[in-house]
Structure formats: structure tokens, C-alpha cells
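A closer look at the structure
Each chain, written out:
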Amino acid sequence: QVQLVESGGGLVQAGGSLRLSCAASGSISSIDSMGWYRQAPGNQPELVASITPDGSTNYQNSVKGRFTISRDNAKNTVYLQMSSLKPEDTAAYYCNARAILSDRTAYTYWGQGTQVTVSS
């Protein structure tokens with residue numbers, strides 16, 4: 001089994017910063033892409049950012065220049081540094097990872113979610 005454990009959410013004022021972390025553990029051989037999604041009440045889930053094993057990144061337009069995704073392959077961990085936060089960034093944030101298991105099968109796993117609330 002593979003588990004993704006997130007941390008770092010919370011309440012912050014507009015203009016502030018938060019850093020989210022997501023650590024994967026279990027019978028993992030390697031991890032392909034990792035990413036962060038978010039879902040605000042009444043909205044569909046949306047991709048915030050993703051990162052490949054070699055560090056190539058992709059961002060949603062609304063967070064470009066404010067958020068930075070990074071990963072530590074040795075720790076199977078992905079991070080999301082969020083700066084200049086806006087009230088519209090308020091959402092539950094979920095990490096995901098495409099993990100290749102020790103038996104060579106591959107699955108996408110999700111974290112439990114962490115709430116980010118930005119007050120105006």
C-alpha cells in the first residue's frame with residue numbers, strides 16, 4: 001500500500017505565504033509525476049501544479065509567479081510554496097503521485113487533503 005500524507009495548510013491573511021508538503025510512503029519503487037490539485041466549495045477540482053521526476057513543472061495560469069512546486073526524490077516528497085496568497089486561493093488542496101510499485105505496477109494515489117483559507 002502507498003500513503004500520501006499532507007501537511008502545512010492553515011489560515012493566512014491575503015498576501016501571506018504557506019508551504020504545503022506531501023510525503024509518499026509504502027512499497028514504492030519510484031514515483032513518476034507528482035502534483036497538487038485544489039477544490040473550493042461548489043467548484044470542480046482543478047490542477048494547481050505538477051512536476052516530473054526531472055523537475056519539469058506545469059502551473060495553472062492563476063498561480064504562475066506566486067506558487068512554486070518542487071520535489072525531493074530521495075524523500076518521495078512534493079512541496080508547494082504559495083506566496084502572495086489571495087482569498088480565491090481558498091480551497092482544500094490535495095496532492096497526488098503516480099507511483100511505480102515494487103511489483104512494477106503503477107497507480108495514482110491521493111492525499112487526504114489539507115485546507116488552505118485566505119482571509120481578506
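What comes next concerns the included structure. Just so we're clear, the structure is a prediction, and the values are computed from it rather than from any experiment. (Residues numbered from 1 in each chain as written. Predicted model: local features only at pLDDT ≥ 70, side-chain atom pairs only at ≥ 80, totals over all residues. Heavy atoms only, no water.)

**Quick word on the nonpolar core**
The condition that has to hold: For our purposes a nonpolar core is just a set of buried Ala, Val, Leu, Ile, Met, Phe, Trp, Tyr and Cys residues, chained together by side-chain atoms within 4.5 Å. Each residue is assigned to one of three classes by its accessible area relative to the maximum for its type, calculated with a 1.4 Å probe on protein chains only: buried under 20%, partly exposed between the two thresholds, exposed over 50%. Every helix listed is a DSSP run of H or I at least four residues long, and every strand listed is a run of E at least two residues long, numbered separately from the N terminus. In what follows, residue pairs with any heavy atoms lying within 4.5 Å of each other are defined as contacts.
If you look at the biggest cluster of nonpolar residues, it comprises 32 residues, and the most contacted ones within it are W36, L80, M82 and Y93. Within the residue set of this core, elements represented by two or more residues are β1 (2–7), β3 (18–26), β4 (28–39), β5 (46–51), β7 (67–72), β8 (77–82), β9 (91–101) and β11 (114–119). Ignoring sequence-local partners within four residues, the contact set of Y93 consists of E6, L20, W36, Y37, R38, V48, F67, L80, M82, G113, T114 and V116.

**Things to note about the pattern of salt bridges**
The condition is simple: Should a side-chain nitrogen of Lys or Arg be within 4 Å of a carboxyl oxygen of Asp or Glu, the pair is scored as a salt bridge.
Inspection of every chain in the model, using the stated rule, returns three salt bridges. Between R38 and E46 there is a salt bridge; the shortest N-O distance is 2.7 Å. For E46, a relative accessible area of 31% puts it in the partly exposed group. Between D89 and R66 there is a salt bridge, with the nearest N and O atoms lying 2.7 Å from each other. Of the two residues, D89 is situated in the loop between β8 and β9 and R66 in the loop between β6 (57–59) and β7; the sequence distance between them amounts to 23 residues. With respect to burial, D89 and R66 carry one shared label: buried. Residues joined in a network through salt bridges with shared partners are R38, E46, R66 and D89.

**Quick notes on the pairing of β8**
The criterion, for reference: Any two strands are treated as partners once DSSP identifies two or more bridges connecting them.
Here β8 lies mainly inside the structure; five of its six residues are buried. In terms of strand pairing, β3 meets β8 through six bridges, oriented antiparallel. By the bridge assignment, A23 is partnered in β8 with T77. Across six bridges, β7 lies against β8 in antiparallel orientation. Bridging across to β8, I69 finds its partner in L80.

**Side note on the side chain of T114**
With respect to the helices, strands and loops of the structure, T114 is situated in strand β11. Of the residues examined, T114 reaches a relative accessible area of 12% and is grouped as buried. Leaving out residues up to four positions away in the same chain, T114 has contacts with E6, G8, G9, L20, A91, A92 and Y93.

**A word on the packing of aromatic side chains**
The test is simple: Two rings from Phe, Tyr or Trp (for Trp, the six-membered ring) form a pair when their centres sit within 6.5 Å of each other. Planes less than 30 degrees apart are called stacked, planes more than 60 degrees apart edge-to-face, and all others tilted. Consider the ring centre and the ring normal. A charge sits over the ring if Lys NZ or Arg CZ is within 6 Å of that centre and within 35 degrees of that normal.
The tally for this structure, following the rule as stated, stands at two aromatic pairs. Seen from their ring centres, Y107 and Y109 are 6.3 Å apart, and the 65° between their planes marks the pair as edge-to-face. You can call Y107 partly exposed: its relative accessible area is 42%. Using a relative accessible area of 15% as the deciding quantity, one classes Y109 as buried. Above the plane of the ring of Y79 lies R19, whose end atom (NZ or CZ) is 4.1 Å from the centre.

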